[in-house]
Structures are given as structure tokens and as C-alpha cells.
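# Summary of structural features
If you want the building blocks of each chain, they are given just below.
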Amino acid sequence: LRVMVAANQVVAFSGHYFYFLALSLSSAALVQATLSAQGGIIFLIALLVAGYDRRLLEEGVAPRDLVQKAFGIALTAVAAYILAVA
């Protein structure tokens, strides 16, 4: 699990780096157009993960899981508010 989290962070950092590099080298419209393919790529990755181990994509609906999801949504909303105000 630690390796997966670390790999996720490396991929996220490199994705941001390449996104901003592309913005500096090309037009913003072209970069945004290629960014729209992100949903399809995530879908393909989810298919690969589901083929590997379906349990990795399970959705929990226990009370503890719902509290965690609500807390995550609240943190995201607070972060978006802070970014909008700042």
C-alpha cells in the first residue's frame, strides 16, 4: 500500500510538471483539449485495476466509510473556499 501511495504521488507530481510545461510551450486551448482525454485514461486504468483485483475498487457503505467520505468532501469544500478567497 505504501508503494502504491508513493507511486501515486510521483505520478501526480510528474503530471502537474508536464501540464505546466506544456502550457509554457504551447497554446492553452491545445493543452486543455488534450487534458479532456484524462477521463478516458482514468477509465482505462480502472479497467486494468479491476482486471488485476476487483476488491481494490470496492465501494464501502458502512457508517464509518460514509463518515470518511463526508469528511473528505468537507475538506475539499474548505480548500476550494480558501483558494477562492485568497
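Described in the following lines is the structure provided in the data block. (Residues numbered from 1 in each chain as written. Predicted model: local features only at pLDDT ≥ 70, side-chain atom pairs only at ≥ 80, totals over all residues. Heavy atoms only, no water.)

### A look at the overall build of the chain
Along the chain, the regular secondary structure elements total four helices and zero strands. Reading the chain from its N end, one meets helices and strands in the order α-α-α-α. Computed over its C-alpha atoms, the radius of gyration of the chain comes to 17 Å, more than 25% above the 12 Å expected for a compact globule of 86 residues. Residue burial in the chain is summarised as follows: out of 86 residues, 2% are buried. When the accessible surface of the chain is summed, it comes to about 7,600 Å², and 73% of that surface belongs to carbon and sulfur atoms. The averaged location of the 4 negative side-chain charges in the chain is 5 Å from the averaged location of its 5 positive side-chain charges. (Helix = DSSP H or I, 4+ residues; strand = E, 2+ residues; numbered from the N terminus. Rg over C-alpha atoms; globule rule 2.2 N^0.38 Å. Buried < 20%, exposed > 50% of the residue type's maximum accessible area, 1.4 Å probe, protein only. Areas by Shrake-Rupley, 256 points an atom, 1.4 Å probe, with all protein chains shown as cover. Lys, Arg positive; Asp, Glu negative; His and termini not counted. Charge placed at Lys NZ, Arg CZ, Asp CG, Glu CD.)

### Brief notes about the pattern of salt bridges
Under the definition given, this model contains one salt bridge. One salt bridge connects Asp53 with Arg55, and the closest N-O pair in it is separated by 3.2 Å. (Salt bridge = Lys/Arg side-chain N within 4 Å of Asp/Glu carboxyl O.)

### Focus: the packing of aromatic side chains
Throughout the structure, instances matching the rule amount to one aromatic pair. Taking the centre distance of 5.4 Å and the plane angle of 70° together, the rings of Tyr17 and Phe18 count as edge-to-face. For Tyr17, a relative accessible area of 47% puts it in the partly exposed group. (Phe/Tyr/Trp six-rings, centres within 6.5 Å; stacked < 30°, edge-to-face > 60°.)

### Some points on the packing of helix 1 (residues 2-25) against helix 2 (residues 28-35)
The packing of two helices is summarised by the inter-axis angle and the distance between the axes. The contact between helix 1 and helix 2 brings their axes to 8 Å, and the two run at 145°. In the crossing of helix 1 with helix 2, the sense of the turn from one axis to the other is right-handed. Packed against helix 1, whose contacting residues are Tyr19, Ala22 and Leu23, the element helix 2 presents Ala28, Val31, Gln32 and Leu35 at the interface. Here the contact of helix 1 with helix 2 is built from residues that sort into six nonpolar, one polar and no charged. (Axes fitted to C-alpha atoms, helices over the stretch in contact; angles between N-to-C directions. Left-handed = near helix turned anticlockwise from the far one by under 90°. Contact = heavy atoms within 4.5 Å. Nonpolar A, V, L, I, M, F, W, Y, C, P; charged D, E, K, R; others polar.)

### Looking at the environment of Leu23
Following the sequence through the fold, Leu23 ends up in helix 1. Here Leu23 falls in the partly exposed class, since its relative accessible area comes to 28%. Beyond its immediate stretch of four places on either side in the chain, Leu23 contacts Ala28 and Val31.

### What about a nonpolar patch on the surface?
Together, Leu1, Met4, Val5, Tyr52, Leu56 and Leu57 make up an exposed nonpolar region whose accessible area comes to about 720 Å². Of note, Leu56 is situated in the loop between helix 3 (38-52) and helix 4 (63-85). The exposure class assigned to Leu56 is partly exposed, which follows from its relative accessible area of 44%. (Patch = residues over 30% accessible without salt bridge, like charges linked within 9 Å, V, L, I, M, F, W, Y side chains within 5 Å.)

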